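Chains, contacts and geometry: an overview
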Amino acid sequence: MSAIALEERPLNLAPDAPILRAQNVTKRYGFITGCEDVSFELFPGEVLGIVGESGSGKSTLLNCISGRLSPTAGNVEFATKKHGLTDLFDLSEADRRRVQREELGFVHQNPRDGLRMRVSAGANVAEPLMNLGNRHYGSMREDTITWLDRVELDLARIDDNPRNFSGGMQQRIQIARNLVHSPRLVFMDEPTGGLDVSVQARLLDLLRHLVRRSQLAVIVVTHDLAVARLLADRLMVMKDGHVVETGLTDQVLDDPQHAYTQLLVSAVLQI
Amino acid sequence: MAYVAVKGGERAITNAHNLLAEDRRGDQSIPEIEADQVREQLSLAVDRVMAEGSCYDRDLAALAVKQSRGDIGEAIFLLRAYRTTLARFGVSEAINTRQMRVERRVSAAFKDIPGGQVLGPTFDYTHRLLDFQLMANGETPLERTEQADELLPEQVPNIEDVFAHEDLLEHETAAANENETVPFDLTREPMSFPADRDQRLQSLARGDEGFLLSLAYSTQRGWGGTHPLCGEIRLGEVDVEFIPEELGFPITIGQIMVTECQMISNSRTIGEEPPRYARGYGLTFGHNERKTMSMAIVDRALKNRPAEGEKPEFAAHDEEFVLYHCDNVEASGFVQHLKLPHYVDFQASLQFVRKQREEWAERQAAKEAAE
Amino acid sequence: MTEHQTMSANAGPGLADYNFAYLDEQTKRMIRRAILKAIAVPGYQVPFGSREMPVPYGWGTGGIQITASLIGPNDTFKCIDQGADDTTNAVSIRHFFAKVGGVATTEHTGDATIIQSRHRIPEKPLVEGQIMVFQVPQPEPLRNLEARETETRAMHAYEEYGLQYVRLYENISTFGRIAATAGYPVMVDDRYVMSPSPIPKFDNPKLHNSPALHLFGAGREKRIYAVPPFTKVESLGFEDYPFEVQTWDEVCGLCGAKHTYMDEVVLDDDNNRMFVCSDSDYCADRRAQGHRGPHAGHELTEIAEDVSKNQEVMA
């Protein structure tokens, strides 16, 4: 099976079974609370937006639910291929890292954090395939070219180092690297932050297109409600480490119930 | 001309060693230097060899300097290779530099300091002019050193005592292995990271003076600066005590000369504690201020441990970089092993490059044919 | 094993205070424990308390410590560098053990119980009971890709070898082939990526399922690792760009061998050169059996024979 198939992938799960389940996730740093008592379920193919201003705890939450930061309390269960729904932090470090490399993706705000800057764009995209055990150069090269094409990069530059690309291009390489191995769930931390507005718009369009074409589940953290509106099916609004409002994206943005959400939305509308 | 491949060389090696011995001796019409002359008259070379050779024995260090023809790195290597064969009786008690019989002691922190500033034997404030009298035959007449009116106190308080009533200095605590009576021993165990303080200080104390000097200097030039201030530097003799199992109490087994430096640097607040000055510590065998000060600055710089998941920004903050590369015997051996033959690997690489060149030539030819 | 083996009568002058084979028995025991652990976990780099030796780091301190901890009075020791017994550093190490242990030394691969080597595995197939001891400058196969030990240890622990494959992938994109020619990384027992030390990749296949025990010692880096007898050792590669060994168009100028690793000898200023077996013992053996190459009788043969005669006199 080609690793880049975007068609619906068979999942060994009941269609209504969640791919990720967070229960009462709490993270404290000494006396400071990162996030507290967050619970939600995410289903295959669903895009969840986590919004809030900086310091609201959304990045802490993202790090916890992606298995990168151990929560002080609560559970994060992921539907692993091997064991089904399993608490990520019950796995051994080696198994957790294996699940992270093989079944998950993580798109960082700064592409430098998610790419090997001294390794060519092509090798960056091929690496997840090699992690899955692919040992055929030709087929990996083909998949890499397909993906670089899909994220609209100049194929002649496949062997250039990421540092020779613009910020927006680097982000496209990072996205290709995180989708090439057909993960089931991808986390995105402000994927369009730090980019020019026009570059942002094109990248968002691309992301939306890629996500809609696949059955990929996505959790995207953003402070930008426009990004949330374009990408997310559902929203979670965070303030001071707590979830203050959840619901369908249009519902939350068009008819916000919580005072804080109303403020966030009106702040955007004023611009 | 025809080449003869250089292989073998039993005789060549023996001959080379004979030639080395001849060169060491130099012109035989000039009297041979005695090890005790080295010990007495090249005493700072001897001190450095003892410090980096981590073996306190002035006679052996002097012999090493003589045998190595004054190559200090080679002398350190000789002493280390000897030290490793010595039987180990046990670990002494920690020396107490508060009870040092001070020969030199200066502080840059205060003009006047309890116990006083004692200049002692120092190159500081000398004019670096070659003294041709030393080259003329015979000895330079020595000017008498004036005796002070009163003796120095038996114990000179150290910088910790000076700051004690205000509690301004950070507390030095033993590392995680506080309860272990035997400190980490680099010569018996491989390094591991993160390094505890004992491993770090031992490694720096044995570390190459030049390497540590340059690292310390880099922090002063803004590559991870910690604004160091020489709280105190002291030189003198301390007692070495040992507790024999059969006695159960400490007995003095000898005296050693050491140089100690306490660097004070910009304050750090740790958790809920009040602000205090951070410290860096340096100690070497013998008289070696350049090394001791560098060590103290680098020790302080290494306290800037990056937050988990982050990488250090500057070389002097990078524990793994500093500790893995400061040993001059390791570094010198590995750099110089490049003199050993590498023709097997080179043959492999030659083949590779030749193949690349062949393919390049084919591509060129094809290109030219196409044009 | 006796607790305190003393110096043999052959020991040189001024060495009476040193223990048999230089290291004290406690140290040998510590090294043997590290070796046992290395054998139990093939390809894993075991940290050990490497001692300071009377030869410089990078000149074989790791190999010497392994040999010193294993060698006994009944052993026969062979030492090669670049495949030859008569290269300076090999001569020096062989003398060291003759001096501090009075052990028998040999140049014949078949007669040796312990073979210490820098950069080669002998051509003559090793047999059960023989121990190969490799001198290792850099035990970490991933070091050129990641400078930090803390990182590379984690990569081995979590079997995260993506970076290693990325390097091979980039080689192919850049050169059309995998560039490593010596110190070519291997996968041991399907678990650990390991550096075979800077042997030419020509020698890699000799490690796979070898009846001999292969021990690797890095003195400066303070690591010991092992390939136990009959262990799977796979040189890394891709299905469409598989691992392959070097071959020569030329034959050995002295013995006419076609299947050995060759040294290139420049003969004159007119770019005339001949190729000779890098394994000097193997080449001499073949010549003794009557094999002749196109340069048979070249002065290089005489030098080699001269040296071995010389050694018999000394031993």
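This text gives an overview of the structure that appears in the document.

The rules behind these values
Residues numbered from 1 in each chain as written. Chains lettered and ligands numbered in written order. Predicted model: local features only at pLDDT ≥ 70, side-chain atom pairs only at ≥ 80, totals over all residues. Heavy atoms only, no water. Helix = DSSP H or I, 4+ residues; strand = E, 2+ residues; numbered from the N terminus. Buried < 20%, exposed > 50% of the residue type's maximum accessible area, 1.4 Å probe, protein only. Areas by Shrake-Rupley, 256 points an atom, 1.4 Å probe, with all protein chains shown as cover. Lys, Arg positive; Asp, Glu negative; His and termini not counted. Charge placed at Lys NZ, Arg CZ, Asp CG, Glu CD. Pairing = 2+ DSSP bridges. Axes fitted to C-alpha atoms, helices over the stretch in contact; angles between N-to-C directions. Contact = heavy atoms within 4.5 Å. Buried area = accessible area lost by both parts, 1.4 Å probe. Salt bridge = Lys/Arg side-chain N within 4 Å of Asp/Glu carboxyl O. Polar contact = N/O pair within 3.5 Å; in protein donor to acceptor, adjacent residues only side chain to side chain. Nonpolar A, V, L, I, M, F, W, Y, C, P; charged D, E, K, R; others polar. Phe/Tyr/Trp six-rings, centres within 6.5 Å; stacked < 30°, edge-to-face > 60°. Lys NZ or Arg CZ within 6 Å of the ring centre and 35° of its normal. Core = buried A, V, L, I, M, F, W, Y, C linked by side-chain atoms within 4.5 Å. Parallel < 35°, antiparallel > 145°, perpendicular 65-115°, else oblique. Left-handed = near helix turned anticlockwise from the far one by under 90°.

Here we take up the overall build of chain A. Helices and strands together make up the secondary structure of chain A, namely 10 helices and 10 strands. If one aligns the C-alpha atoms of chain A with their principal axes, the spans along those axes are about 55 × 45 × 35 Å. Across the 271 residues of chain A, 53% fall into the buried class. Summing over all exposed atoms, chain A offers an accessible surface of approximately 12,000 Å²; the carbon and sulfur share of this is 47%. Taking the average location of the 30 positive side-chain charges in chain A and that of its 35 negative ones, the two points are 6 Å from each other.

Turning to the sheet that holds strand β2 (residues 32–42) of chain A, a few remarks are in order. Residue and element names in this part refer to chain A. Judged by pairing direction, the sheet is antiparallel, and its four strands sit side by side in the order β2-β1-β4-β5 without closing on themselves. The open sheet terminates on both sides in strands that have one partner only, identified here as β2 and β5 (84–87). Taken over all neighbouring pairs, the strand axes of this sheet differ in orientation by 20° on average, direction set aside. In terms of strand pairing, strand β4 (residues 73–80) meets β5 through four bridges, oriented antiparallel. When the bridges of β5 are listed, Thr 80 appears paired with Gly 84. Set on the sheet, helix α1 (residues 58–65) makes contact with β1 (20–29), β2 and β4; between it and β1 the angle comes to about 125°.

Of the residues lining the interface, 50 residues belong to chain B; the matching set on chain C comes to 70 residues. Carbon and sulfur atoms supply 54% of the area buried between chain B and chain C, which totals about 5,100 Å² over both sides. For B:Glu330, the salt bridge goes to C:Lys222, with nearest N and O atoms at 2.5 Å. Where chain B packs against chain C, one counts 25 residue pairs in polar contact (both at pLDDT 80 or more). Within the residue set of the side of chain B that touches chain C, elements represented by two or more residues are α1 (10–25), α5 (72–83), α10 (319–325), α11 (328–336) and α12 (343–370) of chain B. When residues in the side of chain B that touches chain C are grouped by element, the largest group, 13 residues, is from α12(B). Of the residues in the side of chain B that touches chain C, the class split is 21 nonpolar, 13 polar and 16 charged.

Glancing now at the arrangement of the chains. Counting contacts across all two pairs of chains that touch, the top-ranked interface belongs to chains B and C. Chain A makes no contact with chain B; the smallest distance between any of their C-alpha atoms is 10 Å.

Residue and element names in this part refer to chain C. In space, the seven strands of this open sheet follow the order β1-β9-β8-β5-β4-β2-β3, with mixed pairing throughout. Both edges of this open sheet fall to β1 (46–47) and β3 (104–105), since each of them pairs with a single strand only. Bridge count for β1 against strand β9 (residues 223–227) is two bridges, and the pairing is antiparallel. Its bridge partner lying in β9, Pro 47 is registered against Arg 223. Set on the sheet, helix α3 (residues 88–101) makes contact with β2 (76–81), β3, β4 (114–118) and β5 (131–135); between it and β2 the angle comes to about 160°.

So, on to the pattern of salt bridges. Residues and elements named next belong to chain B. Counted according to the given criterion, the structure contains 62 salt bridges over all chains. Of the charged contacts, one joins Glu 232 and Arg 105 as a salt bridge, the two residues approaching to 2.8 Å between their closest N and O atoms. With a gap of 127 residues between them, Glu 232 in strand β2 (residues 229–242) and Arg 105 in strand β1 (residues 101–106) connect regions that are remote in the sequence. Like Arg 105, Glu 232 is buried.

As a further point, take the packing of aromatic side chains. According to the stated counting rule, one finds 19 aromatic pairs over all chains in the structure shown. For the ring pair B:Tyr56 and B:Phe285, a centre distance of 5.2 Å and an interplane angle of 85° mean the geometry is edge-to-face. Of this pair, B:Tyr56 sits in the loop between α3 (43–52) and α4 (58–67) while B:Phe285 is found in strand β4 (residues 276–285), placing the two residues 229 residues apart along the sequence. Residue B:Tyr56 is classed as partly exposed on the basis of its relative accessible area of 26%. With a relative accessible area of 25%, B:Phe285 lands in the partly exposed category. Taking 5.2 Å as the distance between ring centres and 55° as the angle between the ring planes, the aromatic pair formed by B:Phe193 and B:Tyr324 counts as tilted. Note that B:Phe193 is positioned in the loop between α6 (159–164) and α7 (197–206) and B:Tyr324 in helix α10, a separation of 131 residues in sequence. Here B:Phe193 falls in the buried class, since its relative accessible area comes to 17%. Above the ring of C:Tyr192, the side-chain terminus of C:Arg191 is found at 4.2 Å from the ring centroid. Seen from the ring of B:Phe334, C:Arg220 lies directly overhead, with NZ or CZ sitting 3.6 Å from the centre.

Attention shifts here to the nonpolar core. By size, the foremost hydrophobic cluster in this structure holds 66 residues, and its most contacted members are A:Met130, A:Ile175, C:Tyr169 and C:Phe238. With near-sequence residues (within four places) excluded, A:Met130 lies in contact with A:Arg135, A:Met140, C:Tyr165, C:Val166, C:Tyr169 and C:Phe238. Membership of the second largest hydrophobic core comes to 32 residues, among which are C:Met53, C:Ala68, C:Phe96 and C:Val103.

For C:Asn89, the position within the fold is in helix α3. The exposure class assigned to C:Asn89 is buried, which follows from its relative accessible area of 8%. The residues touching C:Asn89, leaving out its near neighbours within four places in the chain, are B:Leu340, C:Trp59, C:Asp81 and C:Gln135.

If you check which residues of α11(B) are buried, you get B:Asn328, B:Val329, B:Glu330 and B:Gly333. With a side-chain oxygen lying 3.0 Å from the backbone nitrogen of B:Val329, the N-terminal cap of α11(B) falls on B:Asp327.

What follows covers the interface of chain A and chain C. Taken together, the contact pairs 23 residues of chain A with 16 residues of chain C. Of the roughly 1,800 Å² buried between chain A and chain C, counting both surfaces, carbon and sulfur atoms make up 57%. Looking only at chain A, the three residues that lose the most surface to chain C are A:Met130, A:Arg135 and A:Tyr137, adding up to 38% of its buried area. The partner of C:Glu160 in a salt bridge is A:Arg101, and the shortest N-O contact between them spans 2.9 Å. Summed over the shared surface of chain A and chain C, the number is 10 residue pairs in polar contact (both at pLDDT 80 or more). Broken down by secondary-structure element, the contributors of at least two residues to the side of chain A that touches chain C are α2 (93–103), α4 (121–131) and α5 (137–150) of chain A. At six residues, α4(A) tops the list of elements feeding residues into the side of chain A that touches chain C. For the side of chain A that touches chain C, the per-class residue count stands at seven nonpolar, six polar and 10 charged.

Quick look at the pairing of β5(C) now. Residue and element names in this part refer to chain C. With five of five residues buried, β5 is to be regarded as a mostly interior element. Side-chain alternation along β5 places Ile 131, Val 133 and Gln 135 on one buried face and Met 132 and Phe 134 on a second face that is also buried. Relative to β5, β4 runs parallel, the two being bridged by four bridges. Along β5, the bridge assignment pairs Ile 115 with Met 132. The pairing of β5 with strand β8 (residues 213–218) spans five bridges and is classified as parallel. Residue Val 133 lies in a different strand from β8, and its bridge partner there is Leu 215.

Before going further, it helps to spend a moment on the packing of helix α6 (residues 167–179) of chain A against helix α7 (residues 197–213) of chain A. Between two packed helices, the angle of one axis relative to the other and the distance separating the axes together describe the packing. Residue and element names in this part refer to chain A. Interaxial distance between α6 and α7 falls to 11 Å at its minimum, and their mutual angle equals 15°. Comparing the axis directions of α6 and α7 gives the class roughly parallel. Viewed along their axes, α6 and α7 form a crossing whose handedness is right-handed. Residue-level inspection shows Gly 168, Gln 171, Arg 172, Ile 175 and Leu 179 of α6 in contact with α7, the latter providing Val 199, Arg 202, Leu 203, Leu 206, Leu 207 and Leu 210. Its residues assigned to classes, the contact of α6 with α7 shows seven nonpolar, two polar and two charged.

With that settled, consider the side chain of C:Asp279. All names here are of chain C. Mapped onto the secondary structure, Asp 279 falls in the loop between β12 (273–277) and α6 (280–288). Of the side chains with opposite charge, Lys 78 comes closest to the buried, unpaired Asp 279, at an N-O distance of 4.9 Å. One polar contact links the side chain of Asp 279 to the main-chain amide nitrogen of Glu 123, over a distance of 2.8 Å. A polar side-chain atom of Asp 279 sits 3.1 Å from the main-chain amide nitrogen of Tyr 282. In contact with Asp 279, not counting residues within four places along its chain, are Gly 83, Arg 120, Pro 122, Glu 123 and Lys 124.

For the rest of this paragraph, the subject is the environment of A:Cys64. Residues and elements named next belong to chain A. Here Cys 64 is to be found in helix α1. For the pair formed by Cys 64 and Thr 26, sequence separation is 38 residues and the distance between their alpha carbons is 8.7 Å. When near neighbours in sequence (up to four residues on either side) are disregarded, Cys 64 contacts Val 25, Lys 27, Leu 69, Pro 71, Val 76 and Phe 89.

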